[in-house]
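# An overview of the molecular structure
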Amino acid sequence: MAFTLGDLLDRLPNDWGAPLLNSASSNTIEVTGVAEDSRRARPGTFFVAHAGHGSDGHRFIAAAIAAGATAIAGELPVEDLPKPLLDNIPYWQVADGRQTFALLSAAFFDFPSHKMIVVGVTGTDGKTTTSTLVHSILSAHGLRTGLISTIAARIGAKRLDTGFHVTTPEAFDLQGYLAQMVEAGCQAAVIETTSHALDQARVAQIDYDVAAVTNVTHEHLDWHGSWENYLAAKARLFQSLETSARKLGVSKTAVLNLDDQSYPTLASCWAERTVTYTLGEQAATCHARDIRVGRDGTRFALITPGGEIPIHLRLYGRYNVANALAAAGVGLALGAPLPAIAKGLNAVKRIRGRMEWVYSGAFDVVVDFAHTPHALEETIQLARDLRGKDGRVVLVFGSGGLRDVEKRAMMGRIACAADFSVITAEDPRTEDVNDIIEEIANGFAAGGGVEGVNFIRVPDRAEAISTAIQGARAGDIVVTCGKAHEKSMCYGTTETPWDEFAQIRKALRKRGLLASPGAKSQPVAQANAGTRGDRPATKRARSAR
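Cut-offs used in this document
- Residues numbered from 1 in each chain as written.
- Predicted model: local features only at pLDDT ≥ 70, side-chain atom pairs only at ≥ 80, totals over all residues.
- Heavy atoms only, no water.
- Pairing = 2+ DSSP bridges.
- Helix = DSSP H or I, 4+ residues; strand = E, 2+ residues; numbered from the N terminus.
- Axes fitted to C-alpha atoms, helices over the stretch in contact; angles between N-to-C directions.
- Contact = heavy atoms within 4.5 Å.
- Buried < 20%, exposed > 50% of the residue type's maximum accessible area, 1.4 Å probe, protein only.
- Arc of directions from axis to C-beta.
- Polar contact = N/O pair within 3.5 Å; in protein donor to acceptor, adjacent residues only side chain to side chain.
- Salt bridge = Lys/Arg side-chain N within 4 Å of Asp/Glu carboxyl O.
- Expected span 1.5 Å × (residues − 1).
- Parallel < 35°, antiparallel > 145°, perpendicular 65-115°, else oblique.
- Left-handed = near helix turned anticlockwise from the far one by under 90°.
- Nonpolar A, V, L, I, M, F, W, Y, C, P; charged D, E, K, R; others polar.
- Phe/Tyr/Trp six-rings, centres within 6.5 Å; stacked < 30°, edge-to-face > 60°.
- pLDDT = per-residue confidence, 0-100.

### Section: the sheet that holds strand β3 (residues 33–35)
An order of β3-β4-β5-β6 is seen for the four strands of this open sheet, with the pairing classed as parallel. Each end of this open sheet is capped by a strand with a single partner; those strands are β3 and β6 (91–93). Adjacent strand axes in the sheet meet at a mean angle of 15° when their direction is disregarded. Bridge analysis of β3 against strand β4 (residues 45–48) gives three bridges, and the strand direction is parallel. Each bridged residue has a counterpart across the sheet, and for V34 the counterpart in β4 is F46. Packed on one face of the sheet, helix α3 (residues 97–108) meets β3, β4 and β5 (71–74) and runs near 165° to β3.

What follows is the structure in structure tokens.
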């Protein structure tokens, strides 16, 4: 896609920036894209410079121009730029570079979020699951729906990788995905929306219609500084409902969790309609009754003002019931009848790396994304419910480098509730992995854990997974936490390819429990599965993956 700078300017409000410098040729300059990172600049790029978190984009204007950028916007007066501009490069001074980048990105793709219903799902834990369930419900309701989540972007039959460690893409990519959805005939889009995306204006030009929250617990304080600031960032999603573009027949709706500490703050934000949900007893739009968690999933009765309907969720745990209630609330907000909501919830068989079984035999091996204190606590409780008779909960987990350091000791204390843990690497980045492990170990000690009895340290993650699997006993459930679907591990500043599932299978082969790749023989897991009568057949079949 390419057009002239003049065409792009015609899509912008008149007051979007200060008068431009070197404007004479704006109608002949070609624009092929928008970037805020000079490494992504190409011939025809409109480059936006702004002060970043630890860096200043104005220092890279010259690099962007050298790469082919044909127009520049920045927060500094032109005379204060680190290097003078070329005579033929137009320049705008803008008040907020991040907001400008979002605006130009949306304008480049002709504001695609104006042309669809847009649902935003935010929260600390459960965003991916809830977003996936919403996508399934809206599809069951007959709406052609796109999805942008931590795992991937789904546009019709296409599944697009969104990059390393990315939940909400940066503004230009995000608008590009939405434009592809419009082109594919999508009537709705579901966007997993993080606090970082809200704080960094990645979603500033997304016209949301429904905003839903899962929970707001301890996370990302390295960026936000305090839980209150973190919640304030989440609240921006709900505040945006008041000013976002209107769509015919769609009410601006907030879907809120009555059980969460975020409720009073988010309930004070403007909304035309509020839908609430709870696992408790208080009055709410959606709640659940008769929750039963088993090895074939979770069953409950969904109660709404329009009646009730039985649900067989193929996902595990009470926390996933809460996620399902949030998704059901979105469905109700958009007019989905109960049968469509039930069909959508029941249709989601699994979500990559969310309590996903990799092996089931004498013991289980499961992958989960739990990487926050709250998620780890929920995962341990669920694992205790699902383990075999007299079995143990064995964890493999770590904590990311250059991220929220307070949660490390918290996760150590919480992990004391498991029977045994192997502390290991989880994207140490430029920190020493052993220093991170030490902080987690201090949390174990504070919670009464004893090294060598309750936990051990194995810095190499592949070795840690192998250690846990080699030591697994009959009835145990081994849960590897924190990496899940992610395709890389960050050491220093380098993203090294990583596949959690492949490492688990490698460890199982080492123990003789899976056949070597390409072998025709059945894995030992299937032969042994009969020793555990409480296992469903679906788990036995999945052990061959």
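### Examining helix α16 (residues 500–510)
The complete set of buried residues in α16 reads E500, F501, Q503, I504, A507 and L508. Buried residues of α16, seen end-on, are gathered within an arc of 165° and therefore sit on one face of the element. α16 presents K506 and K510 as exposed residues on the side facing more than 90 degrees away from its buried surface. In this structure, the buried residues of α16 make contact with β18 (356–360), β19 (364–368), α15 (461–470) and β23 (477–481).

### What about the side chain of S488?
Relative to the elements of secondary structure, S488 occurs in strand β24 (residues 488–491). A polar contact of 2.5 Å, which involves the side chain of S488, links it to the side chain of E495.

### Notes on the pattern of salt bridges
If you walk through the whole model with that rule in mind, you get 23 salt bridges. The shortest N-O distance in the salt bridge between R289 and D290 comes to 3.7 Å. Overall, the relative accessible area of 39% leaves R289 in the partly exposed class. In this structure, the salt-bridge partner of E451 is R457, at a minimum N-O distance of 2.9 Å. Using a relative accessible area of 44% as the deciding quantity, one classes E451 as partly exposed. Given a relative accessible area of 33%, R457 falls into the partly exposed group. Members of the salt-bridge network, linked through shared partners, are R40, E170 and D173.

### Comments concerning helix α10 (residues 318–333)
Between the first and last C-alpha of α10 there are 23 Å, a value that for 16 residues agrees with the 22 Å anticipated at 1.5 Å per step. Burial within α10 is extensive, with 15 of its 16 residues counted as buried.

### As for the packing of helix α4 (residues 127–140) against helix α11 (residues 338–347)
The N-to-C vectors of α4 and α11 enclose an angle of 135°; their axes lie 7 Å apart at closest approach. In terms of orientation, α4 lies oblique with respect to α11. In the crossing of α4 with α11, the sense of the turn from one axis to the other is right-handed. Between α4 and α11, the contacting residues are L133, S136, I137 and A140 on the first element and A340, I341, K343, G344, L345 and A347 on the second. Residues belonging to the contact of α4 with α11 are distributed by class as follows: seven nonpolar, two polar and one charged.

### Concerning the environment of G317
Note that G317 resides in the loop between β17 (307–313) and α10. With relative accessibility at 3%, the residue G317 sits in the buried group. Between the alpha carbons of G317 and P517 there is a distance of 33 Å; along the sequence they are 200 residues apart. Not counting the four nearest positions on each side in its chain, G317 is found in contact with V293, T298 and L382.

### Points about the packing of aromatic side chains
What describes a pair of aromatic rings is the distance from one ring centre to the other and the angle between the planes of the rings. Under the criterion given, the structure shown has 11 aromatic pairs. Ring plane angle 35° and centroid distance 5.1 Å describe the contact between F3 and F108, whose orientation is recorded as tilted. With F3 in strand β1 (residues 3–4) and F108 in helix α3, this pair connects stretches of sequence that are 105 residues apart. Using a relative accessible area of 13% as the deciding quantity, one classes F3 as buried. The buried category is assigned to F108, whose relative accessible area is 2%. Arranged with centres 5.1 Å apart and planes meeting at 45°, the rings of Y316 and W357 form a pair that is tilted. Placement of the pair is Y316 in the loop between β17 and α10 and W357 in strand β18, with a sequence separation of 41 residues. The residues Y316 and W357 share a single accessibility class, namely buried. Among the aromatic residues, ring-to-ring pairing joins F3, F108, F109 and F172 into one connected group.

### So, the confidence of the model for the protein
When pLDDT is averaged along the protein, the result is 89; 92% of the residues meet or exceed 70. Ignoring residues within four places in sequence, the model shows residues 520–545, a span with pLDDT below 50, making 49 contacts including any to other chains.

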